Amino acid sequence: MKEVTLASLKEAANRLLFDMSEAEYKTLLEEFKTVSKQMALIAEDKSVDNYSPMIYPFPVATDSLREDIPCKPESRETILKNAKNKMAGQIKLPKVVS
Amino acid sequence: MNYLDLTITAMHEALVKKQVTPLELTSEAIKRIKEDKNNAIEYLCEQEALAFAKTLTTPEKDNPLWGIPFAVKDNISTKDIPTTASADILNGYVPIFDATAISKLKAKKAVMIAKTTLDSLAMGGSGTTGHLGKTYNPYDPSHTRMIAGSSCGSASVVSSSIVPFALGSDTGDSIRKPASFAGLVGFKPTWGRISRFGLFPFVPSLDALGFFTRSVEDAAILLNVLAGHDEADYTSSLVQVDDYTKELNNPLKGVKIAVIQEIIDSFTDQDIIKRFNETIKIYQSLGAKVDYVHLDKHLLMTLFPTYYIISCAEATSNNANLDGIKFGPYYDADNYIEVMKKARTAGFSERIKRRFVLGSFALMKENQNELFLRAAKNRHKIVDEINKIFKDYDVIYAPASPSIAPRFDSVTNQLQDEYLIADNYMCIGNFGGYPSLTLPVGFKDNMPFGFNLTAKPFMEAKLFNIAKALEDKLGYFNLSARNKK
Amino acid sequence: MNYDVTIGLEIHVEMKTKSKMFSSSPVGFMQEPNTLTSAYDLAFPGTMPIPNKQAVINAIQVAHALHMEIDHELHFDRKNYFYSDLPKGYQITQDKRPLGHDGYLMIGKEKVLIERLHLEEDTAKQLHFPKFTLVDYNRAGIPLMEIVTKPCIHSAEVAAKYVETIREIVLFLGVSDGKMEEGQLRCDVNVSVKRADSKTLGTKVEVKNINSFNHIKIALDYEIARQIKAIESGEKIIQETRRYDEEHKATKAMRVKTDSVDYKYFTEDNLIPIKLSDEFINDAIKTSHELASEKRERYQKQFGLSEYDTNILLASLDITSYFDDCAKLSKHYKAIANWLMVDITAYLNKAGLSIKELTITPNQLVELINEIELGHISNKQGREVFACMLKEHLDVKNAKEKLGIVNQDSSDITIRQLVIEVLDNNAQSISDYHHGKDRALGFLIGQVMKKSGGKVNPALTSKIMIEELNRRKK
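The model shown is predicted, which means the values in this text are computed figures rather than measured ones. (Residues numbered from 1 in each chain as written. Chains lettered and ligands numbered in written order. Predicted model: local features only at pLDDT ≥ 70, side-chain atom pairs only at ≥ 80, totals over all residues. Heavy atoms only, no water.)

On a plain count of helices and strands, chain C comes out with 15 helices and 16 strands. Whereas a compact globule of 474 residues would reach a radius of gyration of roughly 23 Å, chain C reaches 30 Å, over 25% beyond that. Its C-alpha atoms put chain C at 95 × 60 × 50 Å along the principal axes. Expressed as a percentage of its 474 residues, the buried residues of chain C come to 53%. Pairs at least 24 residues apart make up 68% of the contacts formed inside chain C by residues separated by at least 6 positions. About 22,100 Å² of surface is accessible on chain C, with carbon and sulfur atoms providing 50% of the total. (Helix = DSSP H or I, 4+ residues; strand = E, 2+ residues; numbered from the N terminus. Rg over C-alpha atoms; globule rule 2.2 N^0.38 Å. Buried < 20%, exposed > 50% of the residue type's maximum accessible area, 1.4 Å probe, protein only. Contact = heavy atoms within 4.5 Å. Areas by Shrake-Rupley, 256 points an atom, 1.4 Å probe, with all protein chains shown as cover.)

Structure, rendered in structure tokens:
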């Protein structure tokens, strides 16, 4: 387990592309303590690890796939109408350096 | 009496008899919204609703939703109508498509009146974290009690008789909990029964689009319209759709109801327990068999952490599309990382950020086994145990909330049984994808409370049958804060 | 000192399906920006992925061509990361269970082991300007398949040949046009070098941005030499990502690889498992287009074409399609190949056209070839007819009429009579021929042609002339 510290929380927030105030990080650290105690409840039951992780609420599967038939695309005006920074029919960003 | 105070069924009759017109109902609903003080509305579709209602002149006898006004939780996509999930990061976003549920209601010529507020991004249960801050419980004019969330606005407008039904979403108990505090029928269907296309995802495998009504019959009528496979939602079920009203009035003889002893034990409000026991007697008198069954208390105490870990983890990913670039407020900066970071820093509330960080911790490679995957394994264990109960029983029955609506300033100890079990057990319905319904059963201090019934997947018709039998017996039908008895 | 070179490749192939991987938006290349999109491609809230059947079929066909085990259930995962070209903040891919696993491809005598083939979706395309970047979502969501080898290749040459073979496979299966220059096929290469006597593994360096088949070998040769030089001078090889710089024919450092990025993979729960029946998989395989390797063998074994001719034809999928259409109509395979390789190619090159734009249909070409093979017209006349057909858009019959060409006489008896007449009048030429002067034969045939007014089949005339000359040998 990665250690939960102010620094590791900040790094995690940073990777999620947002920041918080110092006070907020401290609240979060406290919250982690509660969650850790709650999670410890799960860890106490050793039989849990014998189960496979549940992804769907009940067994589901399909054999149907979408036929490869193109739809009429949205007009450029429609698809970009919610974007604020645009140029020449494209979304404009500060230069992306790869 | 105003026709807008009726249930869907009664309103439909009045419309067919031309005692009232869709335009009159719509105008009255708009008027009530403008007078409403409960902080329930994100966007009032005044012009759109009036214009549409005006076109509805010939009643459709066989279409129970013709001309019926309704409201929609603001995390459901509505074409050309702003939809923000009550999150700043989506301010100004105007969808270019309708959710499938909206398309179906439009096809039935129901009239969308408003988009309702919610806990921002549906991540919260207090009904206090959206754009409008606190949403008030219409039963409490002093505005000290919550209605709870996340579907707070939808619960509020149905409870205030502004509309006879409203769409919501339920990932943990976001419809069924506020329904308890608002004296309403709150229903979440089997996972995959109603298309989620257009519902902003929180945890796809737990999310359900459902609704609030003021009668069980109305819920059955709505499910008839909204159920069914949708080619736009790959997880929507191909299981045959029923007529969900067909079993409504069946006798309860032979019905088997399970009460999980350890859940009831976690309740401390004796008035609730007393009422619960009374309803059990009613069920027994109706011919149902009610048994107390056991479930490991320790397992029940892990319900909430299991839910919390899974939901926070998946929420980070489901909201990673929110970056101010394609929609939502754009923030200029020197590089794209800063563009996204500014938008996300300003656009998410502190509470949501905390959940995201927690969720991302649970997903990290070095933590995933111990946190996210262990939670998913525990979910499996829980559902296996519940399915064992469902081998012998039609429904599981319990109070839907520890008590009546709490005050905004109440404090809970998050490690106590009452919080971990009584206040949070309804996520079982989402873990197993079960259909689940809360209905009003009583009042305490002039505030309503409700009980919850959860059934096996795709057994909605049976669920409505069992719920309606109690509704009939108790007479808690078409309750609203506006027309308090 | 000897060095061990280890190379592994990751190839992304962009498919040319009609619609995208998880949305129905049309797939197209070189179109106006943001005209081939729908709400899903820009990750509008509430949109959901719906998988494309043809993309699955394509992946099965390629996996089969690479001798892979094919999973009978499709599962998808999310790869979570933020980037300006990634609309959802995650990419749907197959992390835990790829569609295909454990295959191989023979490159000459070398067996390249292939670890996995999986389906995923492409990102948006970014256009970089000095001060800003523009984003075009037409590409966002186009089906991709990623093919990953084991680190089992030991030379730049085999690596380059492997990429070319993969291109040929996807091209001939009709899955992709495989144009590297247009990004339809992208390859990232991991290269490590160690001293042959060293027990520790070499440091893995990733080379990106190789945009042309011609650059693969150059880039890898450079990178291998660079690493050897570094080892010899005692430098430490850094684990990093480098890019190929076309201008300097060299690899340049891009970024150091720190702890590998944590993509926080988890199952995509907006999709449910997809069961692929044996019937579905077998149908996909049965309906596959013929692979280049299969065509190559068929052309040589069944049609008797040379390896040289076969390779020329196989350089273009469209040429082989045209050839195959003709070969269904006529057994003059060599003649068909010759027309395609020589006259038709010359014409198309000159006119700047592709074979798809050729106005002469396979039917017409076969008719023309038959005219020649039956001796109705000469090769020379055939070319005239061909030119006339192109120019005037005529069929064979009308082109012949237009040119005033009448059928050559091919009756043995008529020709033999003429031959005998000519021989009777040219005793000197007969004697010359018998003394080894080959020119005499040409002269004699010329006399026959003249007498007939050019209406006899030259090949047949030559054959009969030789027979008659031999008969008169003393």
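With that out of the way, let us pick up the interface of chain C and chain A. With 52 residues of chain C at the contact, the number on the chain A side is 32 residues. Carbon and sulfur atoms make up 62% of the area that chain C and chain A hide from each other, which totals about 3,700 Å². For the pair chain C and chain A, the interface holds two salt bridges. With a closest N to O distance of 2.6 Å, Glu67 of chain A and Lys53 of chain C form a salt bridge. The interface formed by chain C and chain A contains 24 residue pairs in polar contact (both at pLDDT 80 or more). Counting only elements with at least two residues in the side of chain C that touches chain A, the list comes to helix H1 (53-65), strand S8 (125-128), strand S9 (132-136) and strand S16 (274-275) of chain C. Take the side of chain C that touches chain A: its biggest share by element is five residues, from S9 of chain C. Residue composition of the side of chain C that touches chain A, by class: 26 nonpolar, 16 polar and 10 charged. Relative to S9 of chain C, strand S2 (residues 90-94) of chain A is paired through four bridges, and the arrangement is antiparallel. Within S9 of chain C, the position partnered with Ile91 of chain A by the bridge is Val135 of chain C. (Buried area = accessible area lost by both parts, 1.4 Å probe. Salt bridge = Lys/Arg side-chain N within 4 Å of Asp/Glu carboxyl O. Polar contact = N/O pair within 3.5 Å; in protein donor to acceptor, adjacent residues only side chain to side chain. Nonpolar A, V, L, I, M, F, W, Y, C, P; charged D, E, K, R; others polar. Pairing = 2+ DSSP bridges.)

Looking now at the interface of chain B and chain A. Contacts between the two partners involve 68 residues from chain B, matched on the other side by 57 residues from chain A. Summed over both partners, the interface of chain B with chain A buries about 5,600 Å², with 68% contributed by carbon and sulfur atoms. Taken together, chain B and chain A are joined by five salt bridges. Notably, a salt bridge pairs Arg374 of chain B with Asp49 of chain A, separated by 3.2 Å at the nearest N-O pair. Of all the secondary-structure elements, those providing two or more residues to the side of chain B that touches chain A are helix H10 (297-301), helix H11 (303-318), helix H12 (336-347), helix H13 (350-363), helix H14 (369-390) and helix H16 (428-431) of chain B. By residue number, the principal contributor to the side of chain B that touches chain A is H14 of chain B, which donates 13 residues. A per-class count over the side of chain B that touches chain A returns 34 nonpolar, 18 polar and 16 charged.

What follows deals with the pairing of strand S2 (residues 69-73) of chain B. Residues and elements named next belong to chain B. For S2, the tally of buried residues reaches five of five residues, placing the bulk of the element in the interior. Neither face of S2 is open: one carries Pro69, Ala71 and Lys73, the other Phe70 and Val72, and all of them are buried. Of the strand pairs in this sheet, S2 and strand S3 (residues 111-116) are connected by five bridges, and their pairing is parallel. Looking across to S3, one finds that Lys73 is bridged to Thr116. As judged from the three bridges shared by S2 and strand S4 (residues 165-170), these two strands associate in the parallel manner. Its bridge partner being in S4, Phe70 is matched across the sheet by Phe165.

This part is about the sheet that holds strand S7 (residues 256-260) of chain B. Residue and element names in this part refer to chain B. Pairing is mixed in the open sheet, where 11 strands are placed in the order S1-S3-S2-S4-S6-S5-S10-S11-S9-S7-S8. In this open sheet, the two edge strands, each paired with only one partner strand, are strand S1 (41-44) and strand S8 (289-293). Mean inter-strand twist for the sheet, computed between neighbouring axes without regard to direction, equals 30°. Alignment of S1 against S3, held across three bridges, turns out to be antiparallel. Paired with Ile41 across the two strands is Thr116, which belongs to S3. The strands that helix H17 (residues 460-474) touches are strand S5 (185-188), S7, strand S9 (395-399), strand S10 (436-444) and strand S11 (447-455); relative to S10, the one it contacts most, it runs at about 15°. (Axes fitted to C-alpha atoms, helices over the stretch in contact; angles between N-to-C directions.)

To continue, consider the domain arrangement of chain C. All names here are of chain C. The domain boundaries assigned to chain C delineate domain 1 (3-267), domain 2 (291-400) and domain 3 (412-471). If you look at the interface, domain 1 gives six residues, while domain 2 gives seven residues. A combined buried area of about 610 Å² lies between domain 1 and domain 2, and 73% of that area is made up of carbon and sulfur atoms. Three residues, Glu168, Leu171 and Phe172, lead the burial of domain 1 against domain 2; their summed loss comes to 77% of the area buried on that side. (Domains from an automatic or database assignment.)

A separate point is the side chain of Ser160 of chain B. With respect to the helices and strands, the residue Ser160 of chain B is situated in the loop between helix H5 (152-159) and S4. Not counting chain neighbours up to four residues away, the residues in contact with Ser160 of chain B comprise Arg32, Asp36, Asn38, Pro138 and Arg482 of chain B.

A word on the packing of helix H2 (residues 22-44) of chain A against H13 of chain B. At their nearest, the axes of H2 of chain A and H13 of chain B sit 10 Å apart, and the two run at 50° to each other. Taken together, the axis directions place H2 of chain A and H13 of chain B in an arrangement best described as oblique. Along this stretch, H2 of chain A crosses H13 of chain B, giving a crossing that reads as right-handed. Together, Glu24, Thr27, Leu28, Glu31, Phe32 and Val35 of chain A of H2 of chain A and Glu350, Arg354, Val357, Leu358 and Phe361 of chain B of H13 of chain B make up the contact between the two elements. A per-class count over the contact of H2 of chain A with H13 of chain B returns six nonpolar, one polar and four charged. (Parallel < 35°, antiparallel > 145°, perpendicular 65-115°, else oblique. Left-handed = near helix turned anticlockwise from the far one by under 90°.)

Another point: the packing of helix H13 (residues 427-434) of chain C against helix H14 (residues 439-452) of chain C. In a packed pair of helices, the relevant descriptors are the angle between the two axes and the axis-to-axis distance. Residues and elements named next belong to chain C. Two elements in contact, H13 and H14, have axes separated by 8 Å at closest approach and are oriented at 145°. In the crossing of H13 with H14, the sense of the turn from one axis to the other is left-handed. Between H13 and H14, the contacting residues are Ser429, Asp432 and Tyr433 on the first element and Ala440, Leu441, Phe443 and Leu444 on the second. Class assignment for the residues of the contact of H13 with H14 results in five nonpolar, one polar and one charged.

All names here are of chain B. The terminal C-alpha atoms of helix H2 (residues 22-35) lie 20 Å apart, and with 14 residues this matches the ideal 20 Å at 1.5 Å per residue to within 8%. For H2, the set of buried residues is Pro22, Leu25, Thr26, Glu28, Ala29, Ile30, Arg32 and Ile33. Along its buried surface, H2 packs onto helix H1 (8-16), S1, helix H3 (46-55), S2 and S3. (Expected span 1.5 Å × (residues − 1).)

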